[in-house]
Amino acid sequence: MEPHGPDLEVRLGVRRCVAALSSSGDLNEVTQSLRTLGGFLGEGGDGDQPPPGQRGEFARAHYTRVLQCLIGHAGASWLELLPPAQRAELWDGLFLRGPPDQALLVLLDSLSSSSPSAGLDRVLDVLKQFLCAGRLNALLWSRCHGVPPPESPQLREALLGRLVSLPDIAANRLQHQNCADFLPASYYPLLAREVGTVLEQICVALRGGQDCSLTFVAQLLGKACMQGHSELMFAELVPRLSALTQSDMVWQRVCWRLVESVPERWVEGVVTGLVQAVDGPAALSRILGNVVVKNKKAQFVITHKLLLLQYKYKTPVLRSIAGYLAQDRERRPLLIQALRALLEAWCSGSAVRHSPLEQQLYLSRALLLCAAQLTEAELRDLRAEILQRMMSGMQCHLDSSVSRVRRLGMVVGECLSARLDPEGTQLKFQYDHDAETQELVSLMSPLPASESLSEDTPAADRTELPLNSSESPDRGQKSTTQPDSHQISMGTEQTTDKGDDSELDSDDELTPYDMSKDQKLSEAPPPRYLRDCLEALTTSGDPGKVEASLQAAEGLIRRNAAAAREVSVQLTKVLLHLEDSYNTAGFLGLRQGAMVALAVTDPIPVAEFLTTEFFALNYSLCHRMDILEVLVRSAQELSQPITAQQPPSLRIQPVATAVTSDPHGPALPWRQVVDQRIESKTRRFSKGARRPAGSAPPSRFAPVAGHFFFPLLRNYDRPQVTFDLLGSDHLLLGRLVHTLGLLMHLAANAPVATQMGRALLDFVWAVRYHVDQVVRRGVLFAVCAVFLSMPSQHLLAELSEHLLETRAWLTDVAEGDPDDECRSLAMQSLLLLERSLKKELEPEPLALRP
């Protein structure tokens, strides 16, 4: 019984104090009990310190039960009678001076289970003091300093969970009355600052020869990052670590061990957060070290997942990854491994067809950044492999029907060829330069000296610089500015010499004649008749005459419709086969405008000719694209109101103007005469100008819509010698489907719209799962046009058998298609379909008869 004497005394003392707090109403007795309990923490009320054995026994076996008793009586009357200073010393001090892990667990458990009351307010007040008084730092340091005490894994997991989820616990209980100290934006930066402080204490202890453990801090960091708080944590922690690791090797070793101690299931969150938060590859290398070599999960995340599977990160993240892999000899094999994986993905035809454009752009950035980090020796070893993959990838990109994908292949091919052979023959393409292409080209250039040798560079690396390296920027600046000054002086001498020679020429005193308003005289007069124009375009070899005829063709067609109808098909054939042999300015626009004028003037014969020639042999893809463009533009013009195309003098005049301008016309009804006289004698101050009631003019496209539409569906599934719509000519197929959708939309409310919609749905249903995104866009656009143009009752009648399948297909596209525009069009189609279903299936309200 002797060894158990101190334990027995502590147990009996705690029992008496707890009984007094639970049942006694005497303020003096309660105060003495609180002082006695505080004395077990090392601060006795009478100045007597309890033995260390009793303090340890109290903290180990009785502290949690005492705190639970205090929280259970947080609403007692004796607590209200205590003065604020004494309450803060005795009641709050028991929570703030004991073991911080037990205090935090008790406070958070009571916060989760308490209902709104005065006791909950006191718990919140103590919890705020706990966070502000540095008790988190004491908790973390107790787990890191020396040999940690033995504990159960369940207790460790519970403590980690409470530390990381404190804002969630507070938000679930307090909801709209939550405190600002418990919000994620305030709590997680505080937690990161406490982690940084503990790391500083660990560095000091290591320099003093003491043992420390980073396991608990690493687990806390990993769990916080796993739950999605890496941005808030590393925004506070990474700048501090980046600055402290520049010249201190102990700090670097602590950071490396911290990342290596993170459990494998949480490594991805930590590594991903660090890569996004660091400023440059040098800082990332100092913090991560060679963890990518030691940890397979970190290696997979950095070399595969961040480069190939995800594409939401910005270019600085990719630059940090490529630079990090290239900065150490042990990590350079992983750089080559990542480069090979990127090349394999970039040259995959399936990836080009099925990946979103954003992911392809992200992949190209990563490929160029990794290729820019290769040394000359590595380039010699990989030259053949890179060249083979580059040519294969360029072929896949150039075969795409999306212009941005083709341009992406051109830019990457140019950059890789320049990297493989800087002084040899390089690839050159013609494409439009924009911000995207300029960014891709800039990725191949090395980092400027201000970034590569800034404060992010370790001291060990900076000592390798020459002593006079600080003078190199000035020297470089002088070397770059010296040729400019020399060039300026040479130009001045040449100008002076010319001035001396020009003094001998007296023609400089003559005033030049103003020729800015002079007009270039045409070499050939424009034709006055349409047949002369046709003859010039057919037989003439004079460039001026051909140009004048082409410029006058559209005007002649529109001014003389009768003559245009006589030669409409013949002139359309000539214009379709006409080539730009004389480099005429605006040739394509003039030729297309003339064909559109012919199709508008004589729609049926011209449309039949163009739709027949679309599937004819010996036409290039450009000719077929021109045919579709002419059909669409002419259909748009025919669908416009007639009055909108006539000059003001030929439009329908208002009724009042027509009546007053003809006094000798037929007699009007007496009611109309009286109304006109009353209107003329009445003054109105708030009424606008009277306008005649608008009448809807008949559509000129409705009667001829079938001639534009149905012949294009005639032979689409028959492969020809020069093209194959259902085969390799994806761009032409996509353009054809888009044209059919436009024609369907322009034929809305036409009698033939139902037949057109039925035929178009049958056509696009066969190609709805096409591999090319341009074709899928055209299909979804055509479906939208059908849903907009067909009457609701006819639409449901046509889709009655395939309604569920159509909705399922549109839902799959809206959720899983890699192309953004396809997903957007699918959502629009679903909304239109739902609107049609709602309109037809909901019963109309019955009107009450009087």
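About the thresholds
Residues numbered from 1 in each chain as written. Predicted model: local features only at pLDDT ≥ 70, side-chain atom pairs only at ≥ 80, totals over all residues. Heavy atoms only, no water. Helix = DSSP H or I, 4+ residues; strand = E, 2+ residues; numbered from the N terminus. Buried < 20%, exposed > 50% of the residue type's maximum accessible area, 1.4 Å probe, protein only. Contact = heavy atoms within 4.5 Å. Areas by Shrake-Rupley, 256 points an atom, 1.4 Å probe, with all protein chains shown as cover. Axes fitted to C-alpha atoms, helices over the stretch in contact; angles between N-to-C directions. Parallel < 35°, antiparallel > 145°, perpendicular 65-115°, else oblique. Left-handed = near helix turned anticlockwise from the far one by under 90°. Nonpolar A, V, L, I, M, F, W, Y, C, P; charged D, E, K, R; others polar. Expected span 1.5 Å × (residues − 1). Phe/Tyr/Trp six-rings, centres within 6.5 Å; stacked < 30°, edge-to-face > 60°. Lys NZ or Arg CZ within 6 Å of the ring centre and 35° of its normal. Salt bridge = Lys/Arg side-chain N within 4 Å of Asp/Glu carboxyl O. pLDDT = per-residue confidence, 0-100.

Undergrad: What am I meant to see in the overall build of the protein here?
TA: Along the backbone of the protein there are 44 helices and zero strands. Here the protein holds 850 residues, and the buried ones make up 44% of them. Counted over contacts in the protein with a minimum sequence separation of 6, partners at least 24 positions apart contribute 74%. Counting only carbon and sulfur atoms, one obtains 53% of the accessible surface of the protein, whose full area is about 46200 Å².

Undergrad: Any chance you could explain the packing of helix 24 (residues 403-420) against helix 25 (residues 435-442) here in plain terms?
TA: Any two packed helices are characterised by how steeply their axes cross, that is the angle between the axes, and by the distance between the axes. Viewed as axis vectors pointing N to C, helix 24 and helix 25 meet at an angle of 25°, and their least axial separation amounts to 10 Å. Classified by the angle between their axes, helix 24 and helix 25 sit roughly parallel to one another. In terms of crossing hand, the pair formed by helix 24 and helix 25 is right-handed. For the pair helix 24 and helix 25, the contacting residues are Arg404, Arg407, Leu408, Val411 and Cys415 in the first and Glu436, Thr437, Leu440 and Val441 in the second. Class assignment of the residues belonging to the contact of helix 24 with helix 25 gives a composition of five nonpolar, one polar and three charged.

Undergrad: How should helix 30 (residues 543-559) be read in this particular structure?
TA: Because each turn of an α-helix spans 3.6 residues, side chains separated by three or four positions in sequence point in the same direction. With 17 residues, helix 30 ought to run about 24 Å at 1.5 Å a step, and its terminal C-alpha atoms sit 25 Å apart, in line with that. Taken together, the buried positions of helix 30 are Gly544, Val546, Ala548, Ser549, Leu550, Ala552, Ala553, Leu556 and Ile557. Packing partners of the buried residues in helix 30 comprise helix 29 (530-539), helix 31 (561-566), helix 32 (568-577) and helix 33 (587-601).

Undergrad: Help me understand the packing of aromatic side chains, please; the structure alone is not making it clear to me.
TA: Remark: the centre distance and the inter-plane angle together describe each pair of aromatic rings, the angle taken between the planes. Throughout the structure, instances matching the rule amount to six aromatic pairs. Geometrically, the ring pair formed by phenylalanine 614 and phenylalanine 615 is edge-to-face, given 4.9 Å between the ring centres and 90° between the ring planes. We note that phenylalanine 614, like phenylalanine 615, is buried. Looking at arginine 143, its charged tip hangs above the ring of phenylalanine 216, at a distance of 5.6 Å from the centre.

Undergrad: Sorry, what's going on with the side chain of asparagine 290 here?
TA: Among the secondary structure elements, asparagine 290 is positioned in the loop between helix 16 (281-288) and helix 17 (291-294). On the basis of relative accessibility, which here comes to 18%, the residue asparagine 290 falls in the buried class. With residues up to four places along the chain from it excluded, the contact list for asparagine 290 reads Tyr324, Asp328, Glu330 and Arg331.

Undergrad: Hey, could you run me through the environment of alanine 61 in this one?
TA: Counting through the fold element by element, alanine 61 comes out in helix 3 (residues 52-72). Looking at alanine 61, the relative accessible area reads 38%, which means it is partly exposed.

Undergrad: What should I look at first to understand the packing of helix 19 (residues 315-326) against helix 22 (residues 357-372) in this one?
TA: Running from N to C, helix 19 and helix 22 point in directions that differ by 35°, and their axes come no closer than 9 Å. At the point where helix 19 passes helix 22, the crossing takes the right-handed sense. Listed contacts from helix 22 to Thr315, Leu318, Arg319 and Ala322 of helix 19 are Tyr362, Arg365, Ala366, Leu369 and Cys370.

Undergrad: Explain the pattern of salt bridges here, please?
TA: Between side chains of opposite charge, a pair can form when the charged atoms approach closely. The tally for this structure, following the rule as stated, stands at 25 salt bridges. Residues arginine 365 and glutamate 439 are paired through a salt bridge, measuring 3.1 Å at the closest nitrogen-oxygen approach. Taken together, the residues arginine 365 in helix 22 and glutamate 439 in helix 25 connect sequence positions 74 residues apart. Here aspartate 817 and arginine 776 are joined by a salt bridge, their closest N and O atoms 3.0 Å apart.

Undergrad: In this structure, what is going on with the side chain of serine 165? I would like to understand it.
TA: When you line up the elements, serine 165 lands in the loop between helix 9 (153-164) and helix 10 (166-174). When its relative accessible area of 16% is taken as the criterion, serine 165 is described as buried.

Undergrad: I would appreciate a short explanation of unusual backbone geometry in the present structure.
TA: Backbone geometry follows two general trends: most residues other than glycine have a negative phi, and most peptide bonds adopt the trans configuration. Phi is positive for glutamine 175, which is not a glycine, with a value near 55°. Its place among the elements puts glutamine 175 in the loop between helix 10 and helix 11 (184-207). Glutamine 175 gets classed as exposed once you look at its relative accessible area, which sits at 56%. Residues other than glycine seldom take positive phi values, yet asparagine 583 does so here, at roughly 55°.

Undergrad: Would you mind showing me how to read the confidence of the model for the protein here?
TA: Low pLDDT marks regions whose predicted coordinates should not be analysed in detail. Chain-level statistics for the protein give a pLDDT mean of 81 and a share of 80% at 70 or above. Segment residues 448-506: pLDDT under 50, and 23 contacts once partners within four positions in sequence are set aside and those in other chains are kept. Of the regions scoring below 50 in pLDDT, residues 644-668 engages in 11 contacts with residues more than four places distant in sequence or in other chains.

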